[in-house]
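Now for the letters of each chain:
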Amino acid sequence: MKVPFLDLSIQHKAIREQALAALAATYDATRFCLGRDVEEFEGRFGETLGYPRVLGMNSGTSPLHAACALAGFGPGDEVVVPAFTFISSAWGARYVGAKPVFADIEEGTFNLDPAALEAAVTPRTRGVVVVHLFGQPARMEGLLAVARRHGLFVIEDCAQAAGARWRGTPVGLLGDAGTFSFYPTKNLGGCGEGGAFVSRDEGVFAKARLMRAHGSGRRYYHETLGFNFRMDGFQAAVLNVKLPLLAGWTARRRAIAARYVAGIRLADAVPPVLGTEDGEGVFHQFTLRHPRRDALREHLAARGVGTDLIYPVPLHLQKCFEGSGQKAGDLPVAEKACATCVSLPIFPELTDAQVDEVIAAVNSF
Ligand SMILES: *Cc1c(COP(=O)(O)O)cnc(C)c1O
């Protein structure tokens with residue numbers, strides 16, 4: 001039995017008729033940039049997941065860029081970013097001329113370590129990007145305490161965490177700004193590029209709204225620096241079809257994760273945490289650690305089980321950040337995660353038989 005790492009075609013086949021009808025309606029109404037589908041999406045996303053204010057954007061990188069711009073970060077400023085995440089978490093700071101300073105993660109959750117945040121703060125630090133990696137909420141209590149003590153602007157990168165909550169509050173509402181990606185492989189993904197911006201702060205939200213569309217509230221009058229970060233109608237139309245299904249998909253991801261944790265019996269393998277006492281994760285990924293990760297991946301591939309390596313290189317060692325002053329050995333937990341992690345298949349359409357096949361393949365290593 002083959003088990004692909006990810007097969008998005010199953011989900012898209014299942015909703016094909018509804019999605020094509022929604023796309024056709026948008027096409028026929030010529031609603032291409034923002035407009036009614038996007039407004040409907042913003043309302044539904046907010047209602048479904050608990051956000052009072054939502055802005056649809058054109059990717060998950062754009063709201064990070066907007067957040068760094070509206071926070072006023074710029075040259076001479078430092079923004080702390082975990083070293084173990086997707087590159088976009090650091091781009092926003094870099095785009096506005098600030099310096100991303102990479103900090104280490106915790107062993108258990110792969111998320112930014114509050115003690116590492118504290119250690120990374122200097123008199124130039126203005127903000128922090130907290131990532132809820134793999135859908136697991138970061139330890140917000142410790143992180144927010146450090147941020148408050150130093151007056152930092154807190155951006156939550158929720159690209160992998162739509163539906164996750166921390167002590168009952170949806171991620172993205174705990175800090176000053178929250179960002180989402182609807183790239184097709186995310187746990188809520190469109191049929192192309194998409195993203196969203198949320199904030200509990202009305203002032204922050206109003207600034208992001210202006211920035212999304214050329215700094216303009218009234219056509220051809222431009223109040224602030226702006227970008228073109230508009231969501232397009234087709235993406236909103238598809239996401240409106242998918243949103244009612246997200247809760248069921250999340251429940252299935254959690255069930256698969258629990259089945260993996262219960263079934264995997266491989267010496268030296270460290271499974272991800274299933275949840276912290278405060279955080280309800282959504283299992284965007286299920287990432288195992290093993291000291292012989294490469295051999296394990298080969299073994300699984302030979303048995304027809306697809307895996308992925310998320311992420312092979314920590315951000316402080318990426319070529320694009322060469323010269324930043326941080327070097328190998330500086331962030332040992334993130335470096336070890338990159339050297340030992342392997343992500344197993346976890347998507348809602350996996351059958352129990354496939355999950356059991358993955359477990360058997362892992363245990364036979
Ligand atoms: C996917 C992702 C992003 C960026 O999303 P795009 O939509 O590809 O721009 C940002 N941060 C994290 C952690 C991601 O996984």
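Residues numbered from 1 in each chain as written. Predicted model: local features only at pLDDT ≥ 70, side-chain atom pairs only at ≥ 80, totals over all residues. Heavy atoms only, no water.

Here we take up the overall build of the protein chain. A count of helices and strands for the protein chain gives 13 helices and 14 strands. The principal-axis extent of the C-alpha atoms belonging to the protein chain is close to 65 × 55 × 35 Å. Considering the protein chain as a whole, with its 365 residues, one finds that 57% of them fall into the buried category. Contacts spanning at least 24 positions in sequence make up 71% of the contacts within the protein chain whose residues lie at least 6 apart. (Helix = DSSP H or I, 4+ residues; strand = E, 2+ residues; numbered from the N terminus. Buried < 20%, exposed > 50% of the residue type's maximum accessible area, 1.4 Å probe, protein only. Contact = heavy atoms within 4.5 Å.)

Among the five residues in strand β5 (residues 153-157), five count as buried, and that is most of the element. What you see with β5 is no split at all: F153, I155 and D157 on one side and V154 and E156 on the other are buried throughout. The pairing of strand β4 (residues 125-131) with β5 spans five bridges and is classified as parallel. Considered in β5, the bridge of G127 is made with F153. One crossover worth recording links β4 to the parallel β5 by way of helix α7 (residues 140-150), and it is right-handed. Bridge count for β5 against strand β8 (residues 177-181) is three bridges, and the pairing is parallel. The residue bridging E156 from the neighbouring strand is G178, located in β8. (Pairing = 2+ DSSP bridges. Right-handed = clockwise from strand over helix to strand, strands pointing away.)

With that settled, consider the domain arrangement of the protein chain. Partitioning the protein chain into domains gives domain 1 (8-104 + 111-243) and domain 2 (246-363). Distance between the C-alpha centres of domain 1 and domain 2: 24 Å. Counting residues at the interface gives 40 residues for domain 1 and 36 residues for domain 2. Interface area for domain 1 against domain 2, summed over the two sides, is near 3,100 Å², with a carbon-plus-sulfur share of 63%. Three residues stand out in domain 1 for area buried against domain 2, namely F84, F102 and F134, and they jointly supply 23% of the buried area on that side. (Domains from an automatic or database assignment. Buried area = accessible area lost by both parts, 1.4 Å probe.)

Moving on to unusual backbone geometry. With an omega of 15 degrees, the peptide bond running from I310 to Y311 counts as cis. Located in the positive-phi region is L34, a residue other than glycine, with phi close to 55 degrees. Position of L34 relative to the elements: it lies in the loop between α2 (16-28) and α3 (36-49). Judged by its relative accessible area of 18%, L34 is buried. One non-glycine residue, R167, lies in the positive phi region at around 45 degrees. Mapped onto the elements of the fold, R167 is located in the loop between β6 (165-166) and β7 (169-170). Taking relative accessible area as the criterion, R167 reaches 44% and is therefore assigned partly exposed.

On to the site of the ligand. As a structural note, the neighbourhood of the ligand is formed by 15 residues, with G60, T61, D157, S181 and K186 the closest of them. At 2.8 Å from an oxygen atom of the ligand is found a main-chain nitrogen or oxygen belonging to G60. Judged by its atoms lying within 2 Å of the grid points, the ligand is housed in the largest pocket. Going through the elements one at a time, α4 (61-70) and α5 (88-95) are the ones with two or more residues in the shell around the ligand. (Near = heavy atom within 4 Å. Polar contact = N/O pair within 3.5 Å; in protein donor to acceptor, adjacent residues only side chain to side chain. 1 Å grid on protein atoms, 1.4 Å probe; cavity = no way out; pocket = protein on both sides within 12 Å on 5 of 7 lines; lining within 4 Å. Sits in = over half its atoms within 2 Å of the grid points.)

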